[in-house]
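Next come the chains, spelled out residue by residue.
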Amino acid sequence: MRTKLCTLLFTRSYRRSSIGPKFKDLAEIKQYVATPQWSINEFMEQDTNVQELPSVEMVERLLKLSGLPLQDAESLRSKLGHQLVFLDKLLTLDVKEDTDPKNARILPRSFKPLEFEDLVNAAENQIQDVSLGERSGSWESVKLANKKQDGFFVLRESLLKRK
Amino acid sequence: MLKFSRNYGFKAVKRDFQLLPEFKLKCGLEIHTQLNTRHKLFSYSTNDAFASANLPNHHASFFDVSLPGTQPKLNLEAILYATRLGLALKSNINLNSQFDRKHYFYGDQPLGFQITQHFSPFARGGSVELTKVLNGIDQEQIQIDITQLQIEQDTGKSVYKDSEKVSLIDLNRSNVPLIEMVTEPCFSDLKQIRSFIKKYQNLVRHLGISTGDLETGAMRVDVNLSVNNHCRVELKNLPNTSSIMNAIKFEYERQVDIIRNGLAKTLLAEPETRGWDGTSTVKLRSKETSIDYRYMPDAELPLVRLSADAVARVKASLPVLPDETIKLLMEKPYRLSLKDAKILTLNASGHGQQYTQKELLDFYLQAFNSALENNGEKANQRLLTNWIIHELLGDLNRLGLPLREAIAVVPPTKFAELVTLIQEEKISNASGKLLLFHILEQTRDGSLTQPADLHGIIEKFDLGARSVVDDEELLKVCSEILSSVTDPMMLSGITSGKRKNSLKYLVGQGMRLSQGRVKAKLFEDTFKKLLNANW
């Protein structure tokens, strides 16, 4: 099942880009960057006729693993299929092959390594932020819950059973 | 099916358990240790999962309860602690580790995933040495290899209310930093496992990174076990050392039975996870029901990039490790017994002590050096050790007085002086005890804040030993004691020599009346004289 998902994710349909004429000046470069070369809708519509939806079995297994209800399985199957097509499209884009996959995160790639002082002063430099609810007792988290008991969140058995 | 259950599921562990040479046990351990950082791993909420058991969800930030839109921020103190542990275990610290998401759904894990280190853990390799002398294993020496260390967040806690068909969720523990340490399958008997757990517990306490308590769940041990290289079984939910040992014994016997009955190819063909219900191991998961964790890098956390210099400086700042200290204390000039060396070096428990191990050890070493300076080779090391371990620590516990406060009034030099007074019989043992307790009590009550004047107090309370005792007075005191004895059989027994031990009771009475200032031998001789005991 997992292999099938991976095959779906990693089947690449390459679309080679071509090299055009040289830019003459900065304005031309700016103009080029400012002009969309493709539309998202157009991009996503390609190959929809060959879109392969993940199997019902796979969708149900993923829903169970995520603790989500099964009743919307069919609509989620279609959405997941659409996302897989999108991922498939992303894989067709050119990337630098030498990029460290560890940098696959929404944070700066180059930063100063941590020094001894950063580590030993860590606890002193940490200030609890009330706006993040970090100070003990500064907010009552269970108030947000529909069901609560003696300061605890309450988990119903029906949820437990789907574990 | 009934037969199967009886034979391979519910047989109690035999009392006379033993490993059989033709069935080789092989074990590895996975130990989760909560770090006692001030704050949690990915938020700065207070890391105090136990002290507020009566206040559920009290130490839970927006991130800890997984409110949408919240993001993790890494607590670098946890990185410092993990570096300390990795270096103490001689592991290779990864200068470029990363955090990943391990997805699974459970009520006490509201994020829907646990942030852990799967693809590039914090440290790899390393080892722990166990020896017959220091750790009490049967072999002279073995080495337990470490596979890896990874930093991860703890989950919340579920309180199951079966009657109400609900679980109550407390997220005080959610996001508390943990280190998962995995060993290679190097263990071949139970003593090795018990010794390793004890040693690892001592190590994390010594490094000051965890309480290391199994009972509170600050340390949790899973065991990977196989017999004769069949598929391994992972044992979970083992809350204390006896559960760990009993679960291993049970599982070993279960697997031996399976192999003996020729069923290993079917019943031990695939790895499985089993829990411990207090009397037997029970199947939790098999390969078919194993969870697909869908690991992926956590895109919201930066890589953990450490400078080589930072690691080198953490290494330089590590305390001397317990084994080295114990060896030092057992050699000249200290020559302590293993038991005493361990008391001075290892934390008996992670909390509730009136001293840190370093404070106690430093106190001992300074007092020892002071006694050596004052008395040279005449210094009675054994007496000094006994007085520190038994009298001083006993008094501190009784009075609830921290050692660092006691040191202000009885610094190590003063303590060595007190022991010298006892050694030289300038005060009796009993008077010494009274004197020390008095000083420490005054310290606790705040009426003594400067180093105590031992001689002044001895004089004030007339605690000095009586070198010259008036014979008549002694006879009078002893006669009074004898006349108060209501059991004539005891006295005749002492006279005949049939109840020699009863003499000690009389001597004790005498010591009590004289507040220990008269030597016990003098009382003993006088009582024997009065009772015509010629033995």
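Everything numeric here is computed off the predicted structure, so don't read it as measured data.

**Q** Which parts of the structure should I look at to understand the overall build of chain B?
**A** Counting its secondary structure elements, chain B contains 19 helices and 17 strands. Computed over its C-alpha atoms, the radius of gyration of chain B comes to 30 Å, more than 25% above the 24 Å expected for a compact globule of 535 residues. Dimensions of chain B along its principal axes, counting C-alpha atoms only, are 90 × 55 × 50 Å. Looking at the 535 residues of chain B, the share that counts as buried comes to 39%. Residue pairs at least 24 apart in sequence account for 71% of intrachain contacts in chain B once pairs closer than 6 positions are excluded.

**Q** How should I be thinking about the domain arrangement of chain B in this particular structure?
**A** By a widely used convention, the size of an interface equals the accessible area lost when the partners come together. Residue and element names in this part refer to chain B. Looking at chain B, the domain boundaries give domain 1 (320-460) and domain 2 (471-530). Between domain 1 and domain 2, the contact holds 4 residues from the first and 4 residues from the second. Looking at the side of domain 1 that touches domain 2 residue by residue, the class counts come to 1 nonpolar, 3 polar and no charged.

**Q** Whenever I open this one, the nonpolar core confuses me. Can you help?
**A** Side chains of nonpolar character tend, in soluble globular proteins, to be buried together. Residue and element names in this part refer to chain B. By size, the foremost hydrophobic cluster in this structure holds 76 residues, and its most contacted members are Cys27, Ala82, Leu85, Ile179, Val223, Ala247 and Ile248. Top contributing element to this core by residue count: helix H2 (residues 76-88), with 8 residues. Once residues within four sequence positions are removed from consideration, Cys27 is found in contact with Pro185, Phe187, Ile193, Val223, Asn224, Leu225 and Ile248. Counting residues in each nonpolar core, the second largest holds 35 residues, with Phe363, Leu392, Leu418 and Leu440 among its members.

**Q** Just to check I follow, could you spell out the pairing of strand E10 (residues 166-170) of chain B for this structure?
**A** Side chains on a regular strand alternate between the two faces of the sheet. All names here are of chain B. Counted residue by residue, E10 has 5 buried out of 5 residues, so it is predominantly covered. The alternating pattern of E10 places Val166, Leu168 and Asp170 on one face and Ser167 and Ile169 on the opposite face, and all of these are buried. Turn length for the strand E9 (residues 157-161)-E10 hairpin, with the two strands adjacent in sequence and antiparallel, is 4 residues, and the turn residue Lys165 shows positive phi of about 60°.

**Q** What's the story with the interface of chain A and chain B in this structure? I'm lost.
**A** With 40 residues of chain A at the interface, the matching set in chain B holds 49 residues. Breaking the side of chain A that touches chain B down by element, the ones donating at least two residues are helix H6 (116-120), helix H7 (122-125), strand E2 (152-156) and helix H8 (157-161) of chain A. Considering every element that reaches the side of chain A that touches chain B, the biggest residue donor is E2 of chain A, with 5 residues. For the side of chain A that touches chain B, the residue count by class is 20 nonpolar, 10 polar and 10 charged.

Rules used in this analysis
Residues numbered from 1 in each chain as written. Chains lettered and ligands numbered in written order. Predicted model: local features only at pLDDT ≥ 70, side-chain atom pairs only at ≥ 80, totals over all residues. Helix = DSSP H or I, 4+ residues; strand = E, 2+ residues; numbered from the N terminus. Rg over C-alpha atoms; globule rule 2.2 N^0.38 Å. Buried ≥ 20, exposed ≤ 12 C-beta atoms within 10 Å, placed from the backbone. Contact = placed C-beta atoms within 7 Å. Domains from an automatic or database assignment. Nonpolar A, V, L, I, M, F, W, Y, C, P; charged D, E, K, R; others polar. Core = buried A, V, L, I, M, F, W, Y, C linked by C-beta atoms within 7 Å. Pairing = 2+ DSSP bridges.

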